[in-house]
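Architecture at a glance
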Amino acid sequence: MKMPFKKGFRVASPFGYRTDPITGAAGSWHGGVDLVGNDRNVRAVTDGYVLRSRKVEDTGNGDRTWEWGNYVSVMGDDGRICFYCHLESRNVESYDRVTAGTVIGIEGSTGRSTGIHLHFEVRDPAGKQLDPCAYLKIPNRAGYEWDPPEPWEAEAHDWSREAVEWAVSRGILKGKGGDNYALGDFVTREELCVMLYRAREVL
Ligand SMILES: [Zn+2]
């Protein structure tokens, strides 16, 4: 399980009954949660297959682009279907294989939307809407902000903490994808050489 925004996000509108943001009607059902990302890369939260990748002008086949705008739905390997809605653009096509963290589109405001955000919805195979915040293990509360943990805070053992913080602060530990590494990763001989080379430069 990964978060839909790697660099963090804010809960703009929770799952459940709320005042409709467009009509102002009280007690209208909100079947997902609205998230505003700290960046606009929307990522798959689980491994799975793209069920639908729809453009806003598509009609028919029961799609809901009038409401959801450009959207992507993913059938996760855990049997949950996640909907990523109001996208500015889509990076995947129907039946594509995705892994947790794959950028599936760019956050936008297409469809029935009042500003740039991600409408994130989770369903079981029967189509029942589930609490997407429980699924992400975050509070279902407007204003909640999720920030990514620093890698060494999340993973480092006490015996390695000082060394890891030193290596991180001097840029020695950076991986091919920048700061995107896990402390348990194996390193190849090439990567070890790069790390030694960087260490030599700062010593
Ligand atoms: Zn929404």
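It should be emphasised that the depicted structure is a prediction, and the values quoted were computed from it without experimental measurement.

Here we take up the pattern of salt bridges. One pass over the structure, following the stated rule, counts six salt bridges. Salt-bridge contacts for R112 lead to D20; the nearest nitrogen and oxygen are separated by 3.2 Å. Note that R112 is positioned in the loop between β11 (103–106) and β12 (118–123) and D20 in the loop between β2 (16–18) and β3 (28–30), a separation of 92 residues in sequence. The exposure class assigned to R112 is partly exposed, which follows from its relative accessible area of 32%. As a salt-bridge pair, E121 and R123 come within 2.7 Å of each other at their nearest N and O atoms.

Here we come to the coordination of the zinc ion. Protein-derived ligands of the zinc ion are H30 (NE2), D34 (OD) and H119 (ND1), with the metal-ligand distances lying across 2.0 to 2.1 Å. Along the chain, the residues that donate to the zinc ion are spaced as H-x3-D-x84-H. Of this pair, H30 sits in strand β3 while H119 sits in strand β12, and the two are 89 residues apart along the sequence. The pair H30 / H119 is uniform in exposure class, with both members buried.

Judged by side-chain polarity, W166, V202 and L203 come together as a nonpolar surface patch covering roughly 320 Å² of accessible area. Look at V202 and you get partly exposed, because its relative accessible area is 38%.

The next point concerns helix α4 (residues 161–169). Where α4 is concerned, the buried positions are V164, A167 and V168. Projection of α4 onto a plane perpendicular to its axis shows the buried side chains occupying an angular sector of 100 degrees, all on one side. Away from its buried face, by an angle of more than 90 degrees, α4 presents the exposed residues E162 and S169. Lining the buried residues of α4 we find α3 (151–155). Just downstream of α4 lies G171, where phi reads positive at about 75 degrees.

Here we take up the pairing of β11. Relative to β11, strand β5 (residues 41–43) runs antiparallel, the two being bridged by three bridges. From the neighbouring strand, V42 faces β11, where its bridge partner is G105. Judged from the two bridges that link them, strand β9 (residues 89–90) and β11 form a sheet pairing that is antiparallel. Pairing of S89 across the sheet is with I106, part of β11.

Thresholds, definitions, all that
- Residues numbered from 1 in each chain as written.
- Predicted model: local features only at pLDDT ≥ 70, side-chain atom pairs only at ≥ 80, totals over all residues.
- Heavy atoms only, no water.
- Salt bridge = Lys/Arg side-chain N within 4 Å of Asp/Glu carboxyl O.
- Helix = DSSP H or I, 4+ residues; strand = E, 2+ residues; numbered from the N terminus.
- Buried < 20%, exposed > 50% of the residue type's maximum accessible area, 1.4 Å probe, protein only.
- Donors = N, O, S within 2.8 Å, 3.2 Å for Na, K, Ca; no water.
- Patch = residues over 30% accessible without salt bridge, like charges linked within 9 Å, V, L, I, M, F, W, Y side chains within 5 Å.
- Areas by Shrake-Rupley, 256 points an atom, 1.4 Å probe, with all protein chains shown as cover.
- Arc of directions from axis to C-beta.
- Contact = heavy atoms within 4.5 Å.
- Pairing = 2+ DSSP bridges.

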